[in-house]
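Breakdown of the fold
Here is what each chain is made of, one letter per residue.
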Amino acid sequence: MTSNDPEPTLNTDVLVIGGGPAGTWAAIKAAQAGADVVLADKGYTGTSGATASVGTGIWYVDDVPELREAAMASREALGGHLADRDWMARVLDETHARMDELARIQRYPFPVDSDGRQLRGDLQGPEYMRRQRTRVQRLGVRVLDHTPALELLTDTDGVVSGARALDRTTGETVRVQAGAVVLAAGGCAFRSKTLGCDVNTGDGALLAVEAGARLSGMEFSNAYAIAPKGTSLTKTAYYSWATFYRADGSVLDGAGSTRGRSVIAKTLLTEPVYARFDRAAPHEQRAMRKGQPNTFLVFDRLGINPFTDLFEVTLLAEGTVRGTGGVRIADHDCSTDVPGLYAAGDTATRELICGGFTGGGSHNAAWAVSSGSWAGRGAAGFAARRGRPGRALRAAGTAGLRPTGPVTIGHREAVDAVQREILPYDRNYLRHADRLEPALRSLHRTWSAVREGLGADGEELFRAREAAAMVAHGRWMYHAALRRTESRGMHKRTDHPALDPAQHHRLLTGGLDEIWSRPETPRRQLLANGGRAA
Amino acid sequence: MIEIVEPGRCIACDRCVEVCPTRVFDRGADGIPVIARQDSCQTCFQCEAYCPTDALFVAPLVTAVAADSHFRDVTELEGSGLLGGYRRELGWGRGRTLGARTAIGPEYPD
Ligand SMILES: Cc1cc2nc3c(=O)[nH]c(=O)nc-3n(C[C@H](O)[C@H](O)[C@H](O)COP(=O)(O)OP(=O)(O)OC[C@H]3O[C@@H](n4cnc5c(N)ncnc54)[C@H](O)[C@@H]3O)c2cc1C
Ligand code: SF4
Ligand code: SF4
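Residues numbered from 1 in each chain as written. Chains lettered and ligands numbered in written order. Predicted model: local features only at pLDDT ≥ 70, side-chain atom pairs only at ≥ 80, totals over all residues. Heavy atoms only, no water.

What about the interface of chain B and chain A?
Selection criterion: Only heavy atoms enter the contact rule, under which two residues are in contact if any of them lie within 4.5 Å. In short, buried area is how much 1.4 Å probe accessible area vanishes from two parts on joining, totalled over both. Throughout this description, the term salt bridge denotes a Lys or Arg side-chain nitrogen within 4 Å of a carboxyl oxygen of Asp or Glu. Polar contact is defined as a pair of N or O atoms within 3.5 Å, subject to the rule that within protein one atom must be able to donate a hydrogen and the other to accept it, and that residues adjacent in sequence are counted only when both atoms are side-chain atoms.
Contacts between the two partners involve 41 residues from chain B, matched on the other side by 48 residues from chain A. Carbon and sulfur atoms make up 59% of the area that chain B and chain A hide from each other, which totals about 3900 Å². The tally of links from chain B across to chain A stands at one salt bridge. Note that Arg301 of chain A is salt-bridged to Glu48 of chain B, the shortest N-O span being 2.7 Å. Linking chain B with chain A are 15 residue pairs in polar contact (both at pLDDT 80 or more), by the criterion used here.

Written out as C-alpha cells, the structure reads:
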C-alpha cells in the first residue's frame, strides 16, 4: 500500500473469492455460462477450507415425494420454524443434480451398495475437493492460490466490481476487476483449531458489509464441536455411539452429542470430561473406520482405542461454520443486498434451509453446492448484462487496512482479545445477558482500537484483515444474540429459556462502527407455522 | 502439528509447499522443504495426503511436541506403520484403491 507502482491488475467477468465447495461450484457454473472466471483462495483450492479437510455428510435425498417431505419436515421445529420450504425444495433438487454431475464428470468414486446403487450421502473431503480443482482448471478458470482477498472494489454507483487481494507467495497486492463477485470465503471459526478452519476467519462477511450488505441470523453462531482434547479432530458424528464420563469413571448424566452437548459444556467449566464410543457393536466399529479415515488417523496416532479407552474431550468453537448466520440472500440467484455481489456457502446465511439450527451434518454441504451453483450462474448473468466495470473504482476496506491513527495494536493482540470473548463456553454457548453484554462492550473497544490503530505491511496485511474480520464477526454475533431475547434453534439464552412466538422472524444485522439488529421487514416474515415466505 | 520432513524420503517436488493452506513450508536451499512457520499449522493432514513419498508426518496434536517425542522419530513411525497412514487410508498413490470407493459408515442410531 505504500508503494507507488501501479498494482498488477487482472480483468475478468466473474471473480470468485474462496475455493471450497461453494466457490468451486460457483466457478464451474459461471464458466459454463460463458463467463471468464478468476478464482482466488486464501489457501489452495482443493485443500483449503472446512470440507477439504473434514469431509461431509450431504443432504442428498432421492427424488421421491414422501422422502423429500420427510427430509424437509425433519428439522423445521429444531430450526425454530425460520426455514423456508421453497428454498429447501430447490436445494434438494439442485444438490441431487450436482451430485449426479460430480459422479459423471468429476468421476467422484461414490461407494455402491449391494444392488450396485451409488451411495451419495457422504463426501470424503480430500477426494471431493481435488476433483473440484481439476474440473475448475479444465474449464479454463484462472486459479489464484495463496491469494486472500483483502477488500472489495465498487464503482461510483456502488456496484461491486472486483477486489484487491494479496499474493502471499510474493507479498505483493493484486487487483482483480470483475463484472460481478461471488463471496464464498467460508464462515468464521475464530481460529479455534476446529478441523481445517484456520483459514475461515469471517472475511466474507466483513467484505460484504463494507460494500453495504446486510447479515441475517448472526445469533445462530454458537456451534461447538466435540474433539479429543489437544487435537483438531472435530468430527462429531461417531459421538452418537459415545458415553460421557467424569474423571472418577462415573457416567455424566444428561450428556450427549446432539441433545446434551450443553451438559458437556457446563461440566467442562469446572472439571474434565471423558468419552468412549462404547455403544458401537463390532460391525459398526469396522464401518466407522471405513467411513471416516481421518477420525481414526488421530486416534491411532494417539494410541487410543476409542471403543475401549476413555479419552478426554473438549469443545471447540465453530461460530458461523457450523452455525447458520451470514450474508443475507436477497433472491433465488444468491444475489445480496448489493448489486454485483453474490454470496454462497458458509459466507451466506443458511437459515433459508436450516432455520436457526446447525447446518452441520448434511444441510451446509448441500447449501454450499446449491448456493455456489446459483451464485456462479447469477454472477455470470449479471456480468454479461453489465459488461466490465469502468475505471473509477473505490476500495471499500476499512479496519486493518486503513487505520485512522498511528499503528498501536498488532493482529495477534486483536485476535487474542476476540478469542477471550468468543471461545469460552459460558459466554457464547451458555448465553446470558449478564455475560454477553460485557463481552460485547469489550469487543466494541477492541474494534475501536483496531479501527484506529491496526495496520500492517506486505504479507502481514491479510493477518490484519483476518483479525478485523473476527472482531467484527464477534460483535455482529453478540449484538444479534442480545437482541433475540428468547431461545430458538441453536441460540439458547439461559436468561430467556422459552421460545417467544412474538419473535418468530429472522433478525438482520449490519453496520461497522455502529452496529444494528432488527427483525426482517414484514413482507418477508414467516407465516405462523409453515415457514414459507409471504 | 507438522513435525517431520524426512530429507531421505523427500524428492523435492514442492507439492507440500503448494498445497498447505496456511503456507507452513518454504522451499529450502537444497529443494527440501523447511517447516518455516510451524505455529501457522492447522493440523489438517493435507500435506501428508499429497506427499508422494510419505516424507512428512503430522502429529495429532495442535501444539508442538518436545524434541524427544516419538512423534519426531521417523524410524519408530515407519516401524509402527503410522508414517504414510493417511495416504494409505485415502488410497492415494500408485496401485491403491481409492478409500472413498468403500467409505460406507455405520447406520446411525436414533
Ligand atoms: C469439523 C466439521 C465437520 C463438518 N461436517 C459437516 C457435515 O457432515 N455435513 C455438512 O453439511 N456440513 C458439515 N460441516 C460444514 C461444512 O464443512 C461447511 O458448511 C462447508 O465446508 C462450507 O463450504 P464453503 O465453500 O462455504 O466453505 P469452506 O469449505 O470452509 O471454504 C472456504 C474457502 O474460502 C477460503 N477463504 C477464506 N477467506 C478468504 C479470503 N479472504 N480470500 C480468499 N479465500 C478465502 C478458504 O481458504 C477456504 O478454501 C462441517 C464443518 C466442520 C468444521
Ligand atoms: S497439517 Fe495442514 S496446515 Fe499443517 S503443514 Fe500440513 S497442510 Fe499445512
Ligand atoms: S511433498 Fe513430500 S516429496 Fe514433495 S517436497 Fe514435500 S516432503 Fe518432499
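Don't stop here, the text continues.
Some points on the site of ligand 2
Going by this rule: Summary of the distance rule: residues count as near a molecule or strand when at least one heavy atom falls within 4 Å of that molecule or strand. Under the scheme applied here, ten amino acids are nonpolar (Ala, Val, Leu, Ile, Met, Phe, Trp, Tyr, Cys and Pro), four are charged (Asp, Glu, Lys and Arg), and all others, including Gly, are polar.
Lining the immediate environment of ligand 2, one finds 14 residues, of which Cys20, Cys41, Gln42, Cys44 and Cys47 of chain B sit closest. Class assignment for the residues of the shell around ligand 2 results in ten nonpolar, four polar and no charged.

Side note on the nonpolar core
Inclusion rule: Only buried residues count toward a nonpolar core. Its members are Ala, Val, Leu, Ile, Met, Phe, Trp, Tyr and Cys residues joined through side-chain atoms within 4.5 Å. The classification of residues rests on relative accessible area computed with a 1.4 Å probe and restricted to protein chains. Under 20% of the type maximum is buried, over 50% is exposed, and intermediate values are partly exposed. Strands here are runs of E lasting at least two residues and helices are runs of H or I lasting at least four, both read from the DSSP assignment and numbered beginning at the N terminus.
Counting 117 residues, the largest nonpolar core has Val14, Ile17, Val182, Trp367 and Trp476 of chain A as the members making the most contacts within it. In terms of residue count, the dominant contributor to this core is helix H15 (residues 461–483) of chain A (13 residues). Non-local contacts of Trp367 of chain A, meaning those with residues more than four positions away in its chain, are made with Trp87, Val91, Ile329, Cys334, Gly345, Ala348, Thr349, Arg350, Leu352, Ile353, Gly372 and Trp374 of chain A. Core analysis: the second largest hydrophobic core is formed by 54 residues, Leu233 and Ala275 of chain A together with Val5 and Cys51 of chain B among them.

Details of the site of ligand 1
Residues and elements named next belong to chain A. The condition is simple: Computed by Shrake-Rupley with a 1.4 Å probe, the accessible areas treat only the displayed protein chains as cover when residues are assessed.
In the neighbourhood of ligand 1, 40 residues make up the surrounding shell, with Asp41, Ser48, Thr51, Asp346 and Ala365 lying closest. Contact between ligand 1 and Asp41: an oxygen atom at 2.6 Å from a side-chain N or O atom of the residue. Asn200 has a polar side-chain atom sitting 2.9 Å from an oxygen atom of ligand 1. In isolation ligand 1 offers 1000 Å² of accessible surface; the protein chains occlude 98% of this area. Looking at the shell around ligand 1, the elements with two or more residues in it are helix H1 (21–32), helix H2 (50–54), strand S3 (56–57) and helix H11 (363–386). Looking at side-chain class alone, the shell around ligand 1 contains 15 nonpolar, 19 polar and six charged residues.

What to know about the packing of H1 of chain A against helix H5 (residues 125–138) of chain A
All names here are of chain A. The criterion, for reference: In this analysis an axis means a line fitted to C-alpha atoms, helices contributing only their contacting stretch, and an angle means the value between N-to-C directions, from 0 to 180 degrees. Note on angle classes: values under 35 degrees are labelled roughly parallel, values over 145 roughly antiparallel, values of 65 to 115 roughly perpendicular, and the remainder oblique. Note: crossing handedness is left-handed where the near helix turns anticlockwise from the far helix by less than a right angle, and right-handed where it turns clockwise.
Remark: H1 packs on H5, axes separated minimally by 10 Å, with the N-to-C direction vectors making an angle of 25°. Classified by the angle their axes make, H1 and H5 are roughly parallel. The way H1 lies across H5 gives a crossing that is left-handed. Residues Pro21, Thr24, Trp25, Ala27, Ile28 and Gln32 of H1 form the contact with H5, whose own contacting residues are Tyr128, Met129, Gln132, Arg135 and Val136.

A closer look at the sheet that holds strand S9 (residues 215–216) of chain A
All names here are of chain A. As a reminder, the rule being used: If DSSP finds at least two bridges between two strands, the strands pair.
One open sheet accounts for four strands, arranged S14-S9-S17-S18; its pairing is antiparallel. For this open sheet the edge positions go to strand S14 (326–327) and strand S18 (516–519), each flanked by a neighbour on one side alone. Sheet topology note: the S9/S14 ladder contains two bridges and is antiparallel. The residue of S14 that forms the bridge with Ser216 is Gly326.

Some details on the confidence of the model for chain A
Worth spelling out the cut-off: Confidence scores per residue from the predictor, reported as pLDDT, run from 0 to 100.
For chain A, per-residue confidence averages 95 on the pLDDT scale, and residues scoring 70 or more make up 97% of the total. Confidence drops under a pLDDT of 50 for residues 524–534 of chain A, and excluding neighbours within four residues, the segment shows 27 contacts in the predicted structure.

Observations concerning the sheet that holds strand S10 (residues 223–228) of chain A
Residue and element names in this part refer to chain A. What the four strands build is an open sheet, ordered S10-S13-S12-S11; its pairing is antiparallel. Of all strands in the sheet, those bounded by a partner on one side alone are S10 and strand S11 (243–245). Going across the sheet, the axis of each strand differs from the next one's by a mean of 45°, ignoring polarity. As defined by bridge partners, strand S12 (residues 273–276) adjoins strand S13 (residues 311–319) across three bridges and the pair is classed as antiparallel. The residue of S13 that forms the bridge with Val273 is Val313.

Structural notes on the side chain of Arg328 of chain A
Residue and element names in this part refer to chain A. Its location among the elements puts Arg328 in the loop between S14 and strand S15 (341–343). Looking at Arg328, its side chain comes within polar contact range of the side chain of Asp337, at 2.6 Å. Within the structure, Arg328 has its side chain in polar contact with the side chain of Glu520 (distance 3.1 Å).

Here's the deal with the packing of H1 of chain A against H11 of chain A
Residues and elements named next belong to chain A. H11 packs onto H1 with a crossing angle of 40° between their chain directions and a minimal axis gap of 7 Å. In this structure, H1 crosses over H11, and the sense of that crossing is right-handed. Residues Pro21, Ala22, Trp25, Ala26, Lys29 and Ala30 of H1 form the contact with H11, whose own contacting residues are Ala368, Val369, Gly372, Ser373, Gly376, Arg377 and Ala380. For the contact of H1 with H11, a count of residues per class yields eight nonpolar, three polar and two charged.

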